[in-house]
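Letter by letter, the chains look like this.
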Amino acid sequence: RLAFFEDQHAHNLNPIALTRPVFDLVCGRYSLRERILKVLNPDHWGVLVRDYLSEIFLEENSQTSVNNSLWLANQPTLLVNGRWIPSVESLLHLRTLNTNEVGMVGDTIVYLTLDPTEAILISGVDQIEDTLTHIAKGHQQVQVAGSLIQYPWDLVNLNGSQLDVDFELASQLDKRTPFSGRIELRGTSDLISIAPDVDIDPFVLFDVRNGPITIDRGAVIQAFTRIEGPCHIGAETQLFRANIRGGTTIGPVCRVGGEIEETIIHGYTNKYHDGFLGHSYVCPWVNLGALSTNSDLKNDYSAVRVPLVGTPVDTHSNKVGCFIGDHTKTALGSLFNTGSSIGVMSMVLPGGELLPKHIPSFSRIWHGLLDDNLDIEAAFVSAKIAMGRRGFNFSNTQQQLLRLLHEQSKQEREHAIQRMERLNIAS
């Protein structure tokens, strides 16, 4: 039995973790949850998540135990930290680990086996780190390989190397079915994996000299597309005359054109037209209008700061793009500055200039000005239409979650608007 848990650092991964647990964020070919379930294949699995996410997670995973202490008290359960991306060796080690062992990355617990008698101590994710630290005192602590995700840009920075790892992992776990079509390839064929039913036009180039390329079932690759590894193209994604640079993951059922570099597009997102997207993470149900573009490098090459919930955080990196929450829409010619944070269900109508680096959830950029006049009911109608076109239902549970986030982000919107007004007065 296996359970994934969130710790108190989950909020550092907003806005991309506002609507999902941290272990459902993507890095490489999979989310952390998908990767570990694929390797361990447990009889039963559960989760310990932030309380406000429990209902939506249960709706999407109805056979799973969610925040259930009685389930934890039933049998010994391996707990895995949702922010841990293990190495292949550490991942395979989970199959045979000693139940007295506690895996550590630095000072952070990344896994331990919870005895049923200890389950009563787990009262919620807010105090889970202190509880697990107390439990771990009686166990053997072992430093293990892998990375801990702390901020959104960590996922992007690790994505290229994780794509390499996942290609190696898949080669050990999956039986590969050869692709029978003709492709143009630079590099060796052992670094490319294409599902048998992928539709590839002539004049498409795959370059695996710097890393592997994987293309999942039902994808469509239009002529004059170039894909550079390491890269993963998800199921039923369509690429239109695209230039896909290395380190990129494009999730299932996306429509993508233009230039993409070292970016994670989580899934169910449209970026059909030209425009550059680099060193970014884009959540589901986002629509990027024609020529929407982000900067991912400052003119002076200095380290980029990203405003998370309005507070600038130093990334210690000079290559950082934008982070966009679910259901956000951008209009023609939207220009995002280096290190921008755009929340959930925002509406961006640019005014011909660089957009603010901080666009809170459920806010509008209306002809270049930030306001709090988003019509949430109209936004829900748009979400229902967009999801319906892909065969998904915009459920009451999803609407309740978004209404809660709308209320919780009210103060963030007010502060952002006041800050922009002060800047306009000063200029």
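Small disclaimer: the values here were computed from a predicted structure and weren't measured. (Residues numbered from 1 in each chain as written. Predicted model: local features only at pLDDT ≥ 70, side-chain atom pairs only at ≥ 80, totals over all residues. Heavy atoms only, no water.)

Participant: Help me out: how do you make sense of the layout of surface pockets in this one?
Facilitator: By rolling a water-sized probe across the atoms, one finds the places where empty space is left. Computed from the structure, the largest pocket encloses a volume of approximately 960 Å³. Lining the largest pocket are 39 residues; nearest its centre among them are Arg20, Glu60, His266, Tyr268 and Pro284. It is helix 2 (residues 54–60) that contributes the most residues to the lining of the largest pocket, four residues altogether. Among the residues making up the lining of the largest pocket, the classes are represented as 17 nonpolar, 13 polar and nine charged. (1 Å grid on protein atoms, 1.4 Å probe; cavity = no way out; pocket = protein on both sides within 12 Å on 5 of 7 lines; lining within 4 Å. Points joined across faces, edges and corners; volume = space filled by probe spheres on them. Helix = DSSP H or I, 4+ residues; strand = E, 2+ residues; numbered from the N terminus. Nonpolar A, V, L, I, M, F, W, Y, C, P; charged D, E, K, R; others polar.)

Participant: Is there a simple way to explain unusual backbone geometry in this structure?
Facilitator: Trans peptide bonds make up the majority, and among non-glycine residues the majority have a negative phi. Residue Pro15 is bonded to the preceding Asn14 through a cis peptide linkage, with omega at 10°. Along the chain, Pro15 falls in the loop between strand 1 (2–5) and strand 2 (26–27). A cis geometry characterises the amide bond from Gly229 onward to Pro230, with omega recorded as 0°. Even without being glycine, Glu236 reaches a positive phi, approximately 60°. Summarising the element assignment, Glu236 is placed in the loop between strand 19 (231–233) and strand 20 (238–244). Residue class for Glu236 comes out partly exposed when judged on its relative accessible area of 39%. (Buried < 20%, exposed > 50% of the residue type's maximum accessible area, 1.4 Å probe, protein only.)

Participant: Where do I start with the nonpolar core in this structure?
Facilitator: For soluble globular proteins, nonpolar side chains are generally found buried alongside one another. One finds Leu2, Phe4, Trp84 and Tyr111 to be the most contacted residues of the largest nonpolar core, which totals 42 residues. Aside from chain neighbours lying at most four places away, what touches Trp84 is Leu32, Ser90, Leu94, Val105, Val110, Tyr111, Val144, Ala145, Gly146, Ser147 and Leu148. Formed by 39 residues, the second largest nonpolar core is a distinct cluster that contains Val198, Ile227, Ile365 and Met420. (Core = buried A, V, L, I, M, F, W, Y, C linked by side-chain atoms within 4.5 Å. Contact = heavy atoms within 4.5 Å.)

Participant: Even after reading the chapter, I still don't get empty space enclosed by the protein, so can you show me in this structure?
Facilitator: By the definition in use, this model includes four cavities of 30 Å³ or more. Here the largest cavity is characterised by a volume of approximately 80 Å³. Lining the largest cavity we find 13 residues, and of these Val22, Leu25, Gly82, Ile149 and Leu155 sit closest to its centre. Those elements giving two or more residues to the lining of the largest cavity turn out to be strand 2 and helix 1 (32–40). Counted by class, the lining of the largest cavity contains nine nonpolar, two polar and two charged residues. For the second largest cavity, the calculated volume is near 60 Å³.

Participant: Even after reading the chapter, I still don't get the packing of helix 1 against helix 6 (residues 152–173), so can you show me in this structure?
Facilitator: Each pair of packed helices gets described by two things: the angle between the helix axes and the distance between those axes. Packing of helix 1 against helix 6 brings their axes to within 11 Å, and their N-to-C directions diverge by 25°. When the axes of helix 1 and helix 6 are compared, the pair comes out roughly parallel. When you trace helix 1 past helix 6, the crossing you get is left-handed. In contact with Arg35, Lys38 and Val39 of helix 1, helix 6 contributes Gln162, Asp166, Leu169 and Leu173. Across the contact of helix 1 with helix 6, the residue classes break down as three nonpolar, one polar and three charged. (Axes fitted to C-alpha atoms, helices over the stretch in contact; angles between N-to-C directions. Parallel < 35°, antiparallel > 145°, perpendicular 65-115°, else oblique. Left-handed = near helix turned anticlockwise from the far one by under 90°.)

Participant: Can you help me understand helix 1 in this one?
Facilitator: At 3.6 residues per turn, the α-helix brings residues three or four places apart onto the same side. The buried fraction of helix 1 is high, at seven of nine residues. Along helix 1, the residues classified as buried are Leu32, Arg33, Arg35, Ile36, Leu37, Val39 and Leu40. Immediately beyond the C-terminal end of helix 1, within one or two residues, lies Asn41, with a positive phi of roughly 45°.

Participant: Where do I start with the pairing of strand 9 (residues 108–114) in this structure?
Facilitator: Each regular strand displays side chains that alternate between the two surfaces of the sheet. Counting buried residues in strand 9 gives seven out of seven residues, a clear majority hidden from the surface. Across four bridges, strand 8 (residues 101–105) lies against strand 9 in antiparallel orientation. Bridge assignment links Met104 to a residue of strand 9, and that residue is Ile109. Hairpin remark: strand 8 followed by strand 9, antiparallel, with two residues in the connecting loop; positive phi at Gly106, about 65°. (Pairing = 2+ DSSP bridges.)

Participant: What exactly am I supposed to notice about the packing of helix 7 (residues 376–388) against helix 8 (residues 396–408) here?
Facilitator: Direction vectors running N to C along helix 7 and helix 8 enclose 140°, while the axes themselves pass 12 Å from each other. The handedness of the crossing between helix 7 and helix 8 comes out as right-handed. Judged by residue contacts, Ile376, Glu377, Phe380 and Met387 of helix 7 engage Gln398, Gln399, Leu402, Arg403 and His406 from helix 8. Split into classes, the residues belonging to the contact of helix 7 with helix 8 amount to four nonpolar, three polar and two charged.

Participant: Explain the environment of Thr328 here, please?
Facilitator: With respect to the secondary-structure elements, Thr328 resides in the loop between strand 31 (322–324) and strand 32 (329–330). Sequence-distant contacts of Thr328, defined by excluding residues within four places in its chain, comprise Trp285, Val286, Asn287, Ile342, Gly343, Val344, Met345 and Ser346. At 2.7 Å, the side chain of Thr328 forms a polar contact with the backbone oxygen of Gly343. (Polar contact = N/O pair within 3.5 Å; in protein donor to acceptor, adjacent residues only side chain to side chain.)

Participant: Got a minute to help me understand the pairing of strand 22 (residues 255–261) in this structure?
Facilitator: Of all the seven residues making up strand 22, six are buried; the element is thus mostly covered by neighbouring parts of the structure. Sheet analysis places strand 20 next to strand 22, joined by five bridges and oriented parallel. Bridged to Phe240 within strand 22 is Gly257. Pairing between strand 22 and strand 25 (residues 276–278): three bridges, direction parallel. Bridge pairing links Glu261 to Gly278 in strand 25.

Participant: Explain the pattern of salt bridges here, please?
Facilitator: Working definition: two side chains of opposite charge can pair if their charged atoms are close together. In the structure shown here, the tally under the stated rule is 16 salt bridges. Two residues, Arg20 and Asp326, come together in a salt bridge whose shortest N-O distance is 2.6 Å. Here the residue Arg20 occupies a position in the loop between strand 1 and strand 2, and Asp326 occupies one in the loop between strand 31 and strand 32, the gap between them amounting to 306 residues. For Arg20, a relative accessible area of 10% gives the class buried. The network of salt bridges with shared partners includes Asp207, Arg209, Arg226, Glu228, Arg245 and Glu259. (Salt bridge = Lys/Arg side-chain N within 4 Å of Asp/Glu carboxyl O.)

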